[in-house]
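If you want the building blocks of each chain, they are given just below.
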Amino acid sequence: MHDGGHGDISVGVSGAAGDSGASATRITPGNALRPEDIALAVSRGAAKPSEDVAEFALRLGDDALILAQRLGHWISRAPELEEDVALGNIALDELGHARSLLSYAGGLDGRSEDDLAYLRREHEFRSAALFEQPNGDFAVTIARQFVVSYYQFELYRRLTSSTDSTLAGIAAKAVKEVDYHRDHSAQWVLRLALGTDESRRRMIHAFKVIWPYVDELFRDDELTGRLSEAGAAPQPSSLREDFDRLTGEVLAEAELEVPNVQPTPGGGRRGLHSEHLGYILAEMQVLAREYPGASW
Amino acid sequence: MTPHGNPEFPASTADSGSRSIDKAEDQSADRTNAAAAAEIRPTGVTGNVWPIWEVFVRSSRGLSHVHAGSLHAPDAAMALRNARDLYTRRNEGVSIWVVPAEAIASSDPDSKGSFFESPQGKDYRHATYYTKSEGVKHL
């Protein structure tokens, strides 16, 4: 499948683009798997998801897309310019994951990443409720990011050994980025929780706001059951133990307790969303819908 | 109304928070437009600016760390992370140092003459000043 370096998408753009051409001064983009590679492979028919894998990729892609849109709102609004850039970087990482996953999911019926992002209606999105929760204050954003990154790390880590090679390739790229997101949010949880009385009060409040949405991430359903049997994806419930242990370590160090709150019913995986998603989509989709086919 | 018309969730709590900050800092005169910033600033203290750190990055083929720029961060651990986000976004580095800017002592730009012009004209400090002795190999 090595036709010009783009064929074997499970290992990304291969060969010559790697370190062999690097010099002390030249900056290389590296040779990781890009969304464009996936779109190309899909359009050539070199990669095609099963119906189940496409639906699963839609779930993860929508999670990442909606979170990226939420995080982007912090640009120019974070406590310091440096934190603007940090949150912007995380948003762009998530957007990259969304592009890869949606490009792949669209391979089932020939829809592009843009078709899926801009032209689906609210009930067609498959993101979990956590991702559309409002940014709140900085502590709420950090609490949401903390939960998301520890969940995504466990998920992507396991997906690297998926029987679906494209899914495994996307996960291999994403897991390194999400690992950094874990560190970023954990550092802030520690600083806010152990900072001043005010920052601690806000951190405790933030986890209380966010924690009801944690459960939905770890619920199994028929789709994940079939994918798990096929070795394509883990059962969400199987991630819970590691998630609880690792988040628990940070929370303990921050002298915080897991909030005792009632989980929300969820329903995002079936297209049932909270009132927030409609507003996000209105802002995200307005240009593409007002000017169909616009380019710039 | 929030900037994009989104029903931002903890508006009520954020409001009560900023009110308590307002009360604590009501006296400070230079606090005109800082309410929004204080709302998300962990300490909520007016004029509490993060210290500056100097960033040094070593590229993959470079032998030494090279000064890349500076940034704000609350402590060394966050300075390293901010440096990673600001100065290695395009595959520039394999190692980062951060140094508190105040820990750096620098030469006085006004004493350039006495500091840096003395070596001028001292050709004998360059190897090219000397003639090669006969019979010395490998020069």
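Residues numbered from 1 in each chain as written. Chains lettered and ligands numbered in written order. Predicted model: local features only at pLDDT ≥ 70, side-chain atom pairs only at ≥ 80, totals over all residues. Heavy atoms only, no water.

A. Just the overall build of chain A, in detail. Of regular secondary structure, chain A possesses 12 helices and 0 strands. Reading the secondary structure of chain A in the N-to-C direction produces α-α-α-α-α-α-α-α-α-α-α-α. Evaluated residue by residue, chain A yields a buried proportion of 56% over its 296 residues. The long-range fraction of contacts in chain A, counting pairs at least 24 apart against all pairs at least 6 apart in sequence, stands at 79%. For chain A, the accessible surface area stands at approximately 12,700 Å², while carbon and sulfur atoms represent 52% of it. (Helix = DSSP H or I, 4+ residues; strand = E, 2+ residues; numbered from the N terminus. Buried < 20%, exposed > 50% of the residue type's maximum accessible area, 1.4 Å probe, protein only. Contact = heavy atoms within 4.5 Å. Areas by Shrake-Rupley, 256 points an atom, 1.4 Å probe, with all protein chains shown as cover.)

B. Main features of the overall build of chain B. From N to C terminus, chain B includes 4 helices and 3 strands. Along chain B, helices (α) and strands (β) appear in the sequence α-α-β-β-α-β-α when read from the amino end. Buried residues in chain B amount to 24% of all 139 residues. For chain B, long-range pairs separated by at least 24 residues make up 35% of all intrachain contacts whose partners lie at least 6 apart in sequence. Of the roughly 9,800 Å² of accessible surface on chain B, a fraction of 53% belongs to carbon and sulfur atoms.

C. Region of the structure containing the pattern of salt bridges. Residue and element names in this part refer to chain A. A full pass over the atoms with the stated rule returns 24 salt bridges over all chains. Its salt-bridge partner being R34, residue D37 comes within 2.8 Å of it at the nearest N-O pair. One salt bridge connects R99 with E113, and the closest N-O pair in it is separated by 2.8 Å. One end of the pair, R99, is in helix α3 (residues 81-106); the other, E113, is in helix α4 (residues 113-118), with 14 residues separating them in the sequence. If you follow the salt bridges from partner to partner, you end up with E154, R157, R158, D242 and R245 in one network. (Salt bridge = Lys/Arg side-chain N within 4 Å of Asp/Glu carboxyl O.)

D. Layout of the confidence of the model for chain A. Per-residue confidence for chain A averages 91 on the pLDDT scale, and 90% of its residues sit at or above 70. Scored below 50 in pLDDT, residues 1-25 of chain A shows 35 contacts in the model against residues more than four places distant or in partner chains. (pLDDT = per-residue confidence, 0-100.)

E. Broad picture of the sheet that holds strand β3 (residues 95-100) of chain B. Residues and elements named next belong to chain B. Spatial ordering of the open sheet is given by β2-β1-β3, a layout of 3 strands whose pairing is antiparallel. Looking at which strands have only one partner, the edges of the open sheet turn out to be β2 (66-72) and β3. Within the sheet, the average angular offset between the axes of one strand and its neighbour, ignoring direction, is 30 degrees. For strand β1 (residues 52-58) and β3, the ladder comprises 6 bridges, and the chain directions are antiparallel. Pairing of W53 across the sheet is with P100, part of β3. (Pairing = 2+ DSSP bridges. Axes fitted to C-alpha atoms, helices over the stretch in contact; angles between N-to-C directions.)

F. Here's a closer look at the packing of α3 of chain A against helix α6 (residues 138-159) of chain A. Residues and elements named next belong to chain A. Between α3 and α6, the shortest axis-to-axis distance is 13 Å and the interhelical angle comes to 40 degrees. With respect to α6, the element α3 is oriented oblique. Two packed elements cross with a definite hand, and for α3 against α6 that hand is left-handed. Residues E83, L87, I90, E94, H97 and L101 of α3 pack against F138, T141, Q145, Q152 and Y156 of α6. (Parallel < 35°, antiparallel > 145°, perpendicular 65-115°, else oblique. Left-handed = near helix turned anticlockwise from the far one by under 90°.)

G. Geometry of a nonpolar patch on the surface. All names here are of chain A. On the surface, V286, L287, Y291 and W296 cluster together into a nonpolar patch covering about 530 Å² of accessible area. The topology assignment puts Y291 in the segment after α12 (276-290). Y291 sits in the exposed class, given a relative accessible area of 53%. (Patch = residues over 30% accessible without salt bridge, like charges linked within 9 Å, V, L, I, M, F, W, Y side chains within 5 Å.)

H. Highlighting the confidence of the model for chain B. Residues and elements named next belong to chain B. When the pLDDT values of chain B are averaged, the result is 73; 66% of them are 70 or greater. Across residues 1-46 the pLDDT falls below 50, and counting only partners more than four positions away or on other chains, this stretch makes 64 contacts in the model. Across the interfaces of the predicted complex, the ipTM metric reaches 0.78, alongside a pTM of 0.80.

I. Quick look at α3 of chain A. Counted at 1.5 Å a residue, the expected span for α3 of chain A with its 26 residues is 38 Å, and the 36 Å between its end C-alpha atoms agrees. The buried count for α3 of chain A comes to 20 of 26 residues, which makes it a mostly enclosed element. (Expected span 1.5 Å × (residues − 1).)

J. View of the packing of aromatic side chains. Residue and element names in this part refer to chain A. Under the defined criterion, the tally for this structure stands at 12 aromatic pairs over all chains. The interplanar angle of 85 degrees and the centroid separation of 5.9 Å between the aromatic rings of W74 and F138 together place this pair among those described as edge-to-face. Residue W74 is found in the loop between α2 (51-72) and α3, and its partner F138 is found in helix α6; the two are separated by 64 residues along the sequence. A relative accessible area of 5% means that W74 is categorised as buried. (Phe/Tyr/Trp six-rings, centres within 6.5 Å; stacked < 30°, edge-to-face > 60°.)

K. Examining the environment of R270 of chain A more closely. Residue and element names in this part refer to chain A. Mapped onto the fold, R270 is located in the loop between α11 (240-253) and α12. Taking relative accessible area as the criterion, R270 reaches 60% and is therefore assigned exposed. For the pair formed by R270 and G231, sequence separation is 39 residues and the distance between their alpha carbons is 22 Å.

L. Quick look at unusual backbone geometry. All names here are of chain A. Positive phi values are uncommon outside glycine, yet E255 reaches one of about 55 degrees. With respect to the helices and strands, E255 occurs in the loop between α11 and α12. What makes E255 exposed here is its relative accessible area of 56%.

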